[in-house]
Amino acid sequence: MKLLTPARAEAFGEWQVDLIWMKRQPHMGADEAEKKRAAVGSCQRELHSAVTDGAAATARYLRRVLFLEEQTLVGLPTLPRRLTPGEYLKPPLELEAEIGDGWCQQPNRANLLTPRNAARPLFWLVCHINWLEQGLLGDEVYSPLMGGEAVAGARDDRDRLEKETRNFLRRTGGLPRVRGNVSVLSDCPISRGWWRRRFARSAARHAGRTIDVDVAHRSLHRSQQVWEELVRLGVWRLTVINHDRTRAALIAALASGGDWRREQMAAAAQTAAREAIGRSLDQVPWAELYGLVAASASQLRQAS
Amino acid sequence: MDWKRASYGVEIDVRRGGAQVTHRLRDAAEIENLIAAGDARFALEVRCPVTQYACIRLDADPSFQVVWPPDEVGDEIFLLPGVVAVEDVVLPAAALTDLWRDSPCVPKGWWLAKGDVHTSQPLAASLVEYRRDADLPSGCMRVREDGSGEEPKFAVHLAPDVFGRVETDRDLQMAGLIAAFAILPMSDRFREGSDSRVAFLVRERLADAGVPAWDEGDDWDPARAATAVERLHAASDGALEEEA
């Protein structure tokens, strides 16, 4: 039986809508808004209760909302071992490499793990069900899936529940309704690690042997802001940077350029995109392509 | 590029998993000479932002197929056609607008011509949208026109027990498409003179297949028309085969 069906995708979308309070409700009167807010709060409390009950309860809850009660989950990637909350929230470089490379080597066992599926929050949420049932996130799952500094600083119970819910949705696959298509690449820690390792492998292949996969990966892992800028631009604004050679040039420049800030990744990507207006970057010699993007990031650093 | 007379156009016929591309050059002897000499190529870029995928296909032939790996792309893909220099080339000033006094040398990769961006959605996917309808009895379907968007579309409502199969059940997909074609003639968005791009593409596809359009005579055949847009068995014709 298929896992990622249209019906399940629709159920997933509706579930996220029911769980999130969007502050702007221009077509709703005050009474209606309060009623809706109360309904959202009720759904949030149900999720919160499942998560605080532990991994098994969370998995049961997710199976129910996704209409997966009786289904055996096959073809999904598994984690190499039980993760601590810290490892889950910020997977170390070695863990991301272990996950990314290990899953590459399991094509028969993890055959649902394709870029197409990995760009879908629903896919990662279903993976989480598997990991919860296998005990790979521990039994106490509130800290990794819901907790954090933002929650501690909540104004009141209602605000705390909202923050906890958003944390859960982002971390277990992404919150496209609020963060768009970039959320799955940026907010879900395991997905983020897989995509980073994938980009690193691609960069090593297309960078004219000037960079190896571990160096590329380390450069992407160093700063969450820089990673987020790279994927944000690739999803929304400068899709030309998704060409393997162009992205490799950006990553190679990042690796050799020291500690980039978000603005430097943006400058380098914009330089590539401007050049691509007149030229197909696929034909530009590697040294020239690399030089272009590296120079723009360097100039920004010097200017600042 | 600032060509004095040359013009460039492209036709892109999107099918399941790929596209058939036909580039057209007119009054463009200079570009054609570059292509014949191996210094330029017809090009099609394929980009899928959701999966951060991008590639480019180059060919000396103006008409070629492009196939994209289904596991690496999402549902919406952007196609960017053009003609690109694959060597450093000198362009004759006489062929360019008066802005160019000398013959410029353009580097490898230079876009000699660029077409409009196309999207990958097959025509059938633009026409129908499948929706789960809890009010329908088990095993039932109904079709209504959805006039809410800029382009005409038909909503195929499916009972919950059936909806789950629609992504993989081609017979079900075709049943919905045929039902949409059955009510198409009643739509204002498909009347003659409509500025709808979808209506235009449907008309073109039917004309290519030799199938009378909905307003040409009394023999409107929704099944024949639907299967001119999407064959019953995609593998035999509608889908593009992976090139060896």
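Scoring rules and cut-offs
Residues numbered from 1 in each chain as written. Chains lettered and ligands numbered in written order. Predicted model: local features only at pLDDT ≥ 70, side-chain atom pairs only at ≥ 80, totals over all residues. Heavy atoms only, no water. Salt bridge = Lys/Arg side-chain N within 4 Å of Asp/Glu carboxyl O. Helix = DSSP H or I, 4+ residues; strand = E, 2+ residues; numbered from the N terminus. Buried < 20%, exposed > 50% of the residue type's maximum accessible area, 1.4 Å probe, protein only. Pairing = 2+ DSSP bridges. Axes fitted to C-alpha atoms, helices over the stretch in contact; angles between N-to-C directions. Domains from an automatic or database assignment. Contact = heavy atoms within 4.5 Å. Buried area = accessible area lost by both parts, 1.4 Å probe. Parallel < 35°, antiparallel > 145°, perpendicular 65-115°, else oblique. Left-handed = near helix turned anticlockwise from the far one by under 90°. Nonpolar A, V, L, I, M, F, W, Y, C, P; charged D, E, K, R; others polar. Core = buried A, V, L, I, M, F, W, Y, C linked by side-chain atoms within 4.5 Å.

A. Main features of the pattern of salt bridges. Residues and elements named next belong to chain A. A complete count under the given rule lists 34 salt bridges over all chains for this structure. Here R37 ties to E162 by a salt bridge, and the two come within 3.7 Å at their closest N and O atoms. One end of the pair, R37, is in helix α2 (residues 30–53); the other, E162, is in helix α10 (residues 157–171), and 125 residues separate them in sequence. Just as R37 is buried, E162 falls in that class too. If you follow the salt bridges from partner to partner, you end up with D101, R197, R201 and D214 in one network.

B. Representation of the sheet that holds strand β1 (residues 7–15) of chain B. Residue and element names in this part refer to chain B. As summarised here, the arrangement of the three strands in space is β1-β2-β5, forming an open sheet in which the pairing is antiparallel. Only two strands of the sheet have a single partner each, and these edge strands are β1 and β5 (63–67). Recorded for the sheet is a direction-independent mean angle of 20° between the axes of neighbouring strands. Sheet topology note: the β1/strand β2 (residues 18–26) ladder contains nine bridges and is antiparallel.

C. Inspection of the domain arrangement of chain A at higher detail. Residue and element names in this part refer to chain A. Each assigned domain of chain A is listed with its residue range as follows: domain 1 (6–173) and domain 2 (189–303). Between the C-alpha centres of domain 1 and domain 2 there is a distance of 30 Å. The interface is formed by 22 residues belonging to domain 1 together with 14 residues belonging to domain 2. Summed over both sides, the interface between domain 1 and domain 2 buries roughly 1500 Å², with carbon and sulfur atoms accounting for 68% of that surface. Per-residue buried area on domain 1 facing domain 2 is highest for L93, E96 and P115; these three make up 36% of the total on that side. Scanning the region where domain 1 abuts domain 2 turns up three salt bridges.

D. Broad picture of the side chain of K153 of chain B. For K153 of chain B, the position within the fold is in strand β13 (residues 153–158). Residues contacting K153 of chain B, with those up to four places away along its chain left out, are A125, S126, L127, V128, E129, R144, E145 and D146 of chain B.

E. Representation of the packing of α2 of chain A against α10 of chain A. All names here are of chain A. Two elements in contact, α2 and α10, have axes whose closest approach is 10 Å; the angle formed by their N-to-C orientations is 60°. On the basis of their axis angle, the class for α2 and α10 is oblique. The two elements α2 and α10 meet at a crossing, and its hand is left-handed. Along its contact with α2, which presents E34, R37, V40, G41, Q44, R45, L47, H48 and V51, the element α10 presents R158, R160, L161, E162, E164, T165 and F168. Residues that form the contact of α2 with α10 fall into these classes: five nonpolar, four polar and seven charged.

F. Focus on the nonpolar core. All names here are of chain A. Counting 89 residues, the largest nonpolar core has W15 and W124 as the members making the most contacts within it. Per-element tally for this core: the top contributor is helix α7 (residues 121–133), with nine residues. Not counting the four nearest positions on each side in its chain, W124 is found in contact with W103, L113, A118, W131, T172, G173, V184, C188, I190, S191 and W194.

G. Structural context of the interface of chain B and chain A. Between chain B and chain A, the residue contacts involve 32 residues of the former and 31 residues of the latter. Interface of chain B and chain A: buried area, both sides summed, is about 2600 Å²; carbon and sulfur atoms make up 54% of it. Here chain B and chain A share two salt bridges between them. Every element with two or more residues in the side of chain B that touches chain A is listed here: β3 (40–48), β4 (53–59), β6 (78–85) and β9 (111–114) of chain B. Per element, the largest residue contribution to the side of chain B that touches chain A is five residues, and it comes from β4 of chain B.

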